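# Secondary and tertiary structure notes
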Amino acid sequence: MSLRVYNTLTRTKDVFETVTPGKVGMYLCGPTVYASPHIGHMVGPIIFDTIKRYLTFKGYHVTWVVNITDVDDKLIDAAKQRGKKMDELAAEHTDEYLDLLKALGIDTIDNFPKATEHMGEIVSMITKLIDNGHAYAADGNVWFDVTKDADYGKLSGQKSDESSGSRDLEGSGKRNPADFALWKASKSGQEGEAFPEPAWDSPWGKGRPGWHIECSAMSMKYLGETFDIHGGGMDLKFPHHENELAQSECCSGKPFARYWLHNGLTTFNTKKVSRSDLVKDTEEARQLREMLNLKGLLQRLGPELIRYLILSTHYRRPINFGDDVIESTKKGLSAFHRLFERAQRLGVPMDDAQPDIDIASRNLIDTAAGDYVRALLALKMKWLEVMDDDFNTAGAIAAMHEIVGAVNGYIDQTKLETTKTEQGIAAVAAGVATIRKLGRMLGLFIKLPDAGGADDSLTPKLMELLIHLRKELRAAKNFALADQLRAKLTDIGVTLEDRPDGTVWRKG
C-alpha cells in the first residue's frame, strides 16, 4: 500500500508524492524561547522524529528543519521582567530545549535555524512582497495586505482573526484588521533604558520581524520555495500557518508546502492545555505548569515512557497526560520489557544484529514453528500497513502488542522454558528482533534496561535480600506484611513478578 497522509490543506488523505523523487524536505515550527520548555513543546518533535525515522526506513533521504524563534514580543517582555537581555534569555532557554530533545532521544533534526541569524533573508522577502503589491509600509511597520491574496484562508478555512475586529487601528498604519505584521518598527530609544528592545536596520527603519515571516524565510532558505511537509500543533493552524502560507506563495508565486500535518494539543485529565493556558498568572496555570513540567516528567516517568505515551495516540488526536493514562501506559510498555526479560532468561541474544522474522522465516517456515512464523509475518505486514495510513503509531503499537502475545504464546505452547530447544529459541529470537526493529522506527527500545533492572552492583544484592525476606514472611504465613513489602516496592517503581522458577524484579 502507498503511504497516505492526512493533508490539512486538502482535508483528505493524499498519496505521498515528493517534490524531488527520493527526497523529503520537512519543516516543524519550533519554540519561542521565552520560558523553560514544557511537555507540549516535545509532542511535535517526538511525532516528527518518528515520521522521519519511518520515511528513512522507506528509502527517503529526509532533511528536517526545526526553527528557534529567538526574537518575539513575548521574549522581549519576559527578558524585561527577569532583568536580562533578550539574547541572554533566548540562549538560556534554547540550551534547555536542546538538552531536553537529547534526553528524549530526538536526534534526527538536521538544522536549528534561529530568526536572529536570518535577518538578510527576512528583509529580502519583505522587500519582494512590497514590490509585488502584497505588502505595504506605514510608520516604520510593514503589513501584509490580505485583501490582495484571493486564496487567503484556504488552509484553515478562516479569513481573519475574529478577535481582531475590535482592535484600535489608529496610528498602526494598518488598512484593515486582518492585515498582519511583517516588520515592526522599533519602540526603543527612550533615554536610560536598561534593556532596550533589540532592533535591526531595514529599508523601513530600525525594527524587528513579525513572527510569521521568520518561519517562511527560514524554511524556504533550507528547503526551497516548495517543499514536502510542514508540521506543527493544531493551535498554529491559524493564524500562524495561514499567514506563512499566504506570504510565502505571494512572494514566490509557487506552492509553499505540499502536505500540512497538524498534531493534537496536550491535555491533562482530558482538559485541553494550550500555550496561553500555561503562561497565565493564575493558580490553575501554575498547577498545570508543575504537572506538565518536562524535567519533572522525565525524572518521574523516564524518556521511553513519555515517548510511548505520546505515540500510543494517533498524532492528530489530543495527547492526554492524565494520571489514569500514565498508569495504563506503564502497563502497556512493561509488556514489552517483560518479554525481553523472558527472552534473555532463555538465552536469546539481544544485540541489534539478530535477524528479524523476514530473514529467519527462510529457515523456520517449514518447521514445527511454521504457523507461528506465518502469524508474525502477517503482523509485521499489518504494522507496515497502519504506518502507511497517515503514520498511525497507535495502530503500530497495537500490532506490536499482538506480536508480544504471539511470542509469549509460542513459548508457553512449546514449554520452551523447560525444553530450551535450539529451533524454539531461534523462533523466539526472530520475534523479539522483529519487535525491537519495529520499535526502533518509533524511537523505542533503543537501549534495553540492564537484566534485572540493575543500576549498580549493590542494587541487585539489596533486591535479593528483600525478595528473600518476603519469601520468609510468606512461609511464616505473615501475608499482610509480605504484601505490604511488595506494595512499598511498587510505590517506588519496583515490580515483583512471582514465577514458577522464582521471583524476579524490574523497574516499572
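In the block above lies the structure referred to throughout.
What you see is a predicted model, and the numbers here were worked out from it, not measured in a lab.

Per the secondary structure count, the protein chain includes 18 helices and 15 strands. Across the 508 residues of the protein chain, 51% fall into the buried class. Residue pairs in contact within the protein chain that sit at least 24 positions apart in sequence constitute 75% of those at least 6 positions apart. Element-wise, carbon and sulfur atoms account for 51% of the exposed surface of the protein chain, whose accessible area totals about 23,500 Å².

The next subject is the sheet that holds strand 7 (residues 180–185). Strand order in the open sheet formed by four strands is 5-6-7-8, and the pairing between neighbours is antiparallel. Unpaired on one side and paired on the other, strand 5 (135–138) and strand 8 (207–209) mark the two borders of the sheet. Mean inter-strand twist for the sheet, computed between neighbouring axes without regard to direction, equals 20 degrees. Both strand 7 and strand 8 contribute to a ladder of three bridges, which runs antiparallel. Counted as the bridge partner of A185 is G207 from strand 8.

Here we come to the side chain of S252. With respect to the helices, strands and loops of the structure, S252 is situated in helix 6 (residues 237–252). Among the polar contacts listed, one links the side chain of S252 to the backbone nitrogen of K254, at a separation of 3.0 Å.

Here we come to the pairing of strand 4 (residues 61–66). Look at any regular strand and the pattern is simple: side chains alternate between the two faces of the sheet. Bridge count for strand 3 (residues 23–28) against strand 4 is six bridges, and the pairing is parallel. Considered in strand 4, the bridge of L28 is made with V66.

Among the six residues of strand 3, five are classified as buried, and the element is accordingly described as predominantly covered. Where the polypeptide runs from strand 3 across helix 1 (residues 40–57) and back to strand 4, its parallel neighbour, the crossover connection is right-handed. Taken together, the three bridges between strand 3 and strand 9 (residues 227–233) define a ladder with parallel strand orientation. In the sheet register, Y27 faces strand 9, and the bridge partner there is H230.

On to the side chain of N243, then. In this fold, N243 is placed in helix 6. When its relative accessible area of 2% is taken as the criterion, N243 is described as buried. Of note is the side chain of N243, whose polar atom sits 2.5 Å from the side chain of Y152. Within the structure, N243 has its side chain in polar contact with the side chain of H212 (distance 3.1 Å). Contact partners of N243, with chain neighbours within four places excluded, come to Y152, F180 and H212.

A separate point is helix 12 (residues 357–364). Looking at helix 12, one finds that the buried residues are I357, A360, S361 and L364. End-on view of helix 12: buried residues confined to an arc of 115 degrees, all on one side of the axis. Opposite the packed face of helix 12, turned more than 90 degrees from it, sit the exposed residues R362 and N363. Those residues of helix 12 that are buried are in contact with helix 13 (370–388) and helix 16 (422–441). Here helix 12 starts with a cap whose side-chain oxygen sits 3.1 Å from the backbone nitrogen of D358, and that cap is D356.

The omega torsion of the bond from F238 to P239 falls at 5 degrees, within 30 degrees of zero and hence cis. If you trace the backbone, P239 turns up in helix 6. Not every positive phi belongs to a glycine, and D390 is a case in point at roughly 60 degrees. Within the secondary structure layout, D390 lies in the loop between helix 13 and helix 14 (393–413).

Within the structure shown, the criterion is met by 33 salt bridges. Across the pair D498 and R470 runs a salt bridge whose closest N-O atoms are separated by 3.0 Å. Separated by 28 residues along the polypeptide, D498 in strand 14 (residues 494–499) and R470 in helix 17 (residues 458–475) bring together distant segments of the chain. You can call D498 partly exposed: its relative accessible area is 40%. Note on R470: relative accessible area 3%, which makes it buried. Connected via shared salt-bridge partners are D73, K80, K184, E197 and R208.

How each quantity is defined
- Residues numbered from 1 in each chain as written.
- Predicted model: local features only at pLDDT ≥ 70, side-chain atom pairs only at ≥ 80, totals over all residues.
- Heavy atoms only, no water.
- Helix = DSSP H or I, 4+ residues; strand = E, 2+ residues; numbered from the N terminus.
- Buried < 20%, exposed > 50% of the residue type's maximum accessible area, 1.4 Å probe, protein only.
- Contact = heavy atoms within 4.5 Å.
- Areas by Shrake-Rupley, 256 points an atom, 1.4 Å probe, with all protein chains shown as cover.
- Pairing = 2+ DSSP bridges.
- Axes fitted to C-alpha atoms, helices over the stretch in contact; angles between N-to-C directions.
- Polar contact = N/O pair within 3.5 Å; in protein donor to acceptor, adjacent residues only side chain to side chain.
- Right-handed = clockwise from strand over helix to strand, strands pointing away.
- Arc of directions from axis to C-beta.
- Salt bridge = Lys/Arg side-chain N within 4 Å of Asp/Glu carboxyl O.

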